[in-house]
Amino acid sequence: MECSSAVAAADEKLLENGTYSCSEPRKGGLRTMPFIIVNECLEKVASYGIMPNMILYLINNYNMAIAKATNVLYTWSAMSNILAIFGAFLSDSYLGRFRVIFIGSLSSLLGLTILWLTAMIPELRPSCESLGLVCNSAKAAQLAVLFLSLGLISIGAGCVRPCSIAFGADQLAIKENSNDERLLDSYFNWYYTSIGASTILALSVIVYIQENLGWKIGFGVPAVLMFLSAFSFAIGSPYYVKVKPTHSLLTSFVQVAVVAIKNRKLSLPDYNIDQYYQGHDSEPMVPTDSLRFLNKACIIRNPERVLNPDGSVSNPWNLCTVGQVESLKALLRVLPMWSTGIFLMVSQSSFSTLQANTMERRLFGNFKMPAGSFTVIMVITLSIVIPIYDRIVVPILAKYTGQPRGFSCKVRMGIGLLFVIAAKATSAIVETVRRSVAIEEGFEYQPNAIINMSALWLVPEFVLLGIAEAFNPVGQVEFFYCYFPKSMSSFAMALFTLELAAADVVGSVLVNIVEKVTSMGGKESWLATNINRGHLNYYYALLTFLGLINYLYFLVVCWAYGPAQGEKLEASEGKGDEQFDYKELHSSVD
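Predicted model, so just to flag it, every value in this text is computed and none were measured. In every chain, residue numbers begin from 1 and rise along the written sequence. Residue-level local features of this predicted model are given only where pLDDT is at least 70; pairs of side-chain atoms are given and counted only at 80 or more, and the full residue set underlies all totals for whole chains, interfaces and linings. Neither water nor hydrogens contribute to the side-chain values; these are computed over all heavy atoms in the structure.

### Details of the overall build of the chain
Thinking step 1. For the chain, the helix and strand inventory stands at 19 helices and four strands.
Thinking step 2. Each residue is placed in one exposure class: buried if its accessible area under a 1.4 Å probe, protein chains only, is under 20% of its type's maximum, exposed if it is over 50%, and partly exposed if it falls in between. Expressed as a percentage of the 590 residues in the chain, the buried residues total 53%.
Thinking step 3. By definition, residues are in contact when any of their heavy atoms lie within 4.5 Å. Taking the contacts inside the chain whose residues are at least 6 apart along the sequence as the reference set, 80% of them involve residues at least 24 apart.
Thinking step 4. Here the accessible surface of atoms and residues is derived via Shrake-Rupley with a 1.4 Å probe, and residues count as covered only by protein chains that are part of the display. Roughly 26600 Å² of accessible area belongs to the chain as shown, and the carbon and sulfur atoms make up 64% of that amount. For helices the rule is a DSSP run of H or I covering at least 4 residues; for strands it is a run of E covering at least 2, with both sets numbered from the N terminus onward.

As structure tokens, then:
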């Protein structure tokens, strides 16, 4: 009993100080890494592997129009990104990372299993005639099963992805020696290497299986991989350090807004530091003048009622600290610059898959590159450009311009936006050529016919998008670090995830508008299911024009911000954090 009491006491101490004071076997450490990394990698292979070809599954097996199928995919992606914020909140505030990851793994497994069943059981899909070339519309129950599977997969991704890397770091936080940082660096390197490899595997091997072996095996393999992911994570449970949930930054933001509204009738006091609640162990400061309305959230009124005898606040929904207020202000300050990146994230990969499906994809011998695998070109480009910029371009810029960090974060964002515009323009040109070839060869009414044009024409646009990804998102995260206090450094990636969700919403709205406007009067929609009769090239041209408008908006926002306060060397102090975060941007390939 004494030993178990000591262990329990040690567990409590671990959660507070990160160390054990007893001699019993420690939990955590490097031995837990395989369980965690395998869980994350297999989850990515499983979920990313079904995304590129999903547009074909929805069109060919559920008889959806291109616009409707694209909206389904945009909604699915937006849900996954929004739920990632919710998953992080849930783990930080209530359940802890282990439980959230485990719940997410089971949810993904269930969702992938149901999706696999839609391929296995004919009754779960619309009935088809003439060898499956023509399908009836899906019934409400059939769509409900499909959407249930996608929703469960989104819940799983939203739980696993934001918590996995932090959970792995928790396992190494118990070390008492001075090699902690070296261990964490090693863990991050292995983690991101495995994530990159799993992403490429998903976009190549899994997509190839779907195209060549059919949906039954193509969805069955991801389901099996997800089972292995959940199983590998579960068997490591006895060895994990399970840090208790504490407080979420999102909750803090809501508290500031609520208290500011409660105190809206209060007058702001003069710059008297004693009238603002500072909290424990914080540097005394007066809230800034910007967004002054929020300052009312930290005004102390009736100290006897709102404060405990030890000076702590009795109810955080009645009084906030100056630090909480300034954190929310920091978030609101970066939102204009954050909004300039939304358009960059609007994906066109589903349309590119449809284009590639009509083109000659034979590379050598009998090997055909899967139509949904072209996104891997963007990932490879991104993986090449970032090291080249970091190891070659930055030293050259530092030598000749005196800027030790190379281009400023604003310049990097601007470069990325220009490459996106170039990518969209290239897409418009390539689609114009592809459509002309299809019509010239007599395939105007045969959208599934293979035309005499190499799919390698699609490579330049993905290369340009990869270069854009290497510049803009990384510059954004660095910009966020410049404007955020250190206590909010981990929120930079959460903000980036929200941007992905916003881009999905914008993409869905744009597709709906284009579909309705261009089909008025009985005309053929630009986004017609038969892309040889539609005008994807016009849609890409519209995206190019909107990209130019967005770039002008970006220049205005840059002018409004003025000289960047944080391109000072504060961001370089957090160089390790920056490296930690920007590699996670690989997740934007979906």
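Let's pick the thread back up.
### Describing the packing of aromatic side chains
Thinking step 1. Each Phe, Tyr or Trp ring, with Trp reduced to its six-membered ring, pairs with another whose centre is within 6.5 Å; inter-plane angles below 30 degrees give stacked pairs, above 60 give edge-to-face pairs, and intermediate values give tilted ones. Under the criterion given, the structure shown has 25 aromatic pairs.
Thinking step 2. Taken together, a centroid distance of 6.2 Å and an interplanar angle of 50 degrees make the contact between Y539 and Y540 tilted.
Thinking step 3. Accessibility expressed as a relative area gives 1% for Y539, which makes it buried.
Thinking step 4. An aromatic cluster is built from F35, F98, F102, F167, F233, Y239 and Y240, whose rings are joined through pairwise contacts.
Thinking step 5. Either the NZ atom of lysine or the CZ atom of arginine qualifies as a charge over a ring when it sits within 6 Å of the ring centre and within 35 degrees of the ring normal. Over the ring of F98 we find K242, and its NZ or CZ is 4.1 Å from the ring centre.

### So, the nonpolar core
Thinking step 1. Only buried Ala, Val, Leu, Ile, Met, Phe, Trp, Tyr and Cys residues count toward a nonpolar core, and they belong to the same one when joined by side-chain atoms within 4.5 Å. Ranked by size, the top nonpolar core spans 92 residues in total, and within it I50, M54, F479 and Y539 carry the most contacts.
Thinking step 2. Ranked by the residues each element gives to this core, the list is headed by helix α17 (residues 536–561), at nine residues.
Thinking step 3. Those residues within four positions of Y539 in sequence are excluded, and the remaining contacts are Y74, F351, L510, V511, V514, W526 and L527.
Thinking step 4. One finds A371, A423, A449 and A455 within the second-largest nonpolar core, a separate group that totals 23 residues.

### Considerations on unusual backbone geometry
Excluding glycine, residues mostly carry a negative phi; peptide bonds, for their part, are mostly trans.
Thinking step 1. In this structure, N63 takes a positive phi of about 55 degrees despite not being glycine.
Thinking step 2. For N63, the position within the fold is in the loop between α3 (54–62) and α4 (66–95).
Thinking step 3. Given the relative accessible area of 37%, N63 is considered partly exposed.
Thinking step 4. One non-glycine residue, L291, lies in the positive phi region at around 50 degrees.
Thinking step 5. Looking at L291, the relative accessible area reads 42%, which means it is partly exposed.

### Points about the packing of α3 against α4
Thinking step 1. Axes, fitted as lines to C-alpha atoms, cover a helix only where it is in contact. Angles between the N-to-C directions of the axes lie from 0 to 180 degrees. Where α3 contacts α4, the two axes come as close as 9 Å, and the packing angle between them is 135 degrees. Judged by the angle between their axes, α3 and α4 are oblique. Classified by chirality, the crossing of α4 by α3 is right-handed. Every residue of α4 that contacts α3 at M54, I55, L58 and I59 is listed here: I66, A69, T70, V72, L73 and W76.
Thinking step 2. When residues are sorted by character, Ala, Val, Leu, Ile, Met, Phe, Trp, Tyr, Cys and Pro go into the nonpolar class, Asp, Glu, Lys and Arg into the charged class, and all the rest, Gly among them, into the polar class. Split by residue class, the contact of α3 with α4 holds nine nonpolar, one polar and no charged. These descriptions rest on fixed angle ranges, namely under 35 degrees for roughly parallel, over 145 for roughly antiparallel, 65 to 115 for roughly perpendicular, and the rest for oblique. With the far helix as reference, a near helix turned anticlockwise by less than a right angle produces a left-handed crossing, and one turned clockwise produces a right-handed crossing.

### Focus on the environment of G220
Thinking step 1. Within the element layout of this structure, G220 appears in helix α8 (residues 215–235).
Thinking step 2. Residues G220 and T113 lie 107 residues apart in sequence; the distance between their C-alpha atoms is 7.5 Å.
Thinking step 3. Once residues within four sequence positions are removed from consideration, G220 is found in contact with W116 and W215.

### Some points on the confidence of the model for the chain
Thinking step 1. pLDDT is a per-residue confidence score from the predictor, ranging from 0 to 100. Scored by pLDDT, the chain comes out at a mean of 81, with 85% of its residues at no less than 70.
Thinking step 2. In this model, residues 174–178 is a region of pLDDT below 50 whose contacts with residues beyond four sequence positions or in other chains number 15 contacts.

### So, the state of the cysteines
Thinking step 1. Throughout, a disulfide means two cysteine sulfur atoms within 2.5 Å of one another. This model, assessed by the stated rule, comprises zero disulfides.
Thinking step 2. In this structure C320 is a free cysteine whose sulfur lies 7.9 Å from that of C298, the closest cysteine sulfur available.

### Digging into helix α2 (residues 33–50)
Thinking step 1. Given the number of residues in a helix, its expected span is that number minus one, multiplied by 1.5 Å. Helix length check: α2 (18 residues) gives 26 Å between terminal C-alpha atoms against 26 Å at 1.5 Å per residue, within 8%.
Thinking step 2. Most of α2 sits out of view: 16 of its 18 residues are buried.

### What about the side chain of R125?
Thinking step 1. One can find R125 in the loop between α5 (97–120) and β1 (128–129).
Thinking step 2. Here R125 occupies a buried position and makes no salt bridge, while the nearest side chain of opposite charge, E123, is found at 7.8 Å.
Thinking step 3. As used in this structure description, the phrase polar contact means that two N or O atoms lie within 3.5 Å; if the pair is within protein, one of them must be able to donate a hydrogen and the other to accept it, and residues adjacent in sequence are counted only when both atoms belong to side chains. Here A119 takes part through its backbone oxygen, which lies 2.9 Å from a polar atom of the side chain of R125.
Thinking step 4. Excluding anything up to four places from it in sequence, R125 contacts Y57, N61, Y62, T118, A119, M120 and Q142. In summary, the charge assignment counts Lys and Arg as positive and Asp and Glu as negative, without counting His or the chain termini. Any carboxyl oxygen of Asp or Glu within 4 Å of a side-chain nitrogen of Lys or Arg constitutes a salt bridge here.

### A closer look at the side chain of Q210
Thinking step 1. Position of Q210 relative to the elements: it lies in helix α7 (residues 180–213).
Thinking step 2. Taking relative accessible area as the criterion, Q210 reaches 3% and is therefore assigned buried.
Thinking step 3. Among the polar contacts made by the side chain of Q210, one reaches the main-chain carbonyl oxygen of G218 at a distance of 3.5 Å.
Thinking step 4. Once you skip the residues sitting within four places of it in the chain, Q210 turns out to touch G49, I50, N53, W215, G218 and F219.

### Things to note about the pattern of salt bridges
Thinking step 1. Under the definition given, this model contains 13 salt bridges.
Thinking step 2. In this structure, E444 engages R533 in a salt bridge whose closest nitrogen and oxygen atoms are separated by 3.0 Å. Taken as a pair, E444 in the loop between α14 (409–440) and α15 (459–483) and R533 in the loop between α16 (491–518) and α17 lie far apart in primary sequence, 89 residues in all.
Thinking step 3. The salt bridge partner of R533 is E524, with a shortest N-O separation of 3.2 Å.

### What about a nonpolar patch on the surface?
Thinking step 1. Residues I200, I380, I384, I388, I392, I396 and Y400 make up a contiguous nonpolar surface patch of roughly 660 Å² in combined accessible area.
Thinking step 2. A per-element tally of the nonpolar patch places helix α13 (residues 375–401) first, with six residues.
Thinking step 3. Tracing the chain through its elements places I380 in helix α13.
Thinking step 4. For I380, a relative accessible area of 38% translates into the label partly exposed. Like charges are joined within 9 Å and nonpolar side chains (Val, Leu, Ile, Met, Phe, Trp, Tyr) within 5 Å, but only among residues with over 30% relative accessible area and no salt bridge; these make up the patches.

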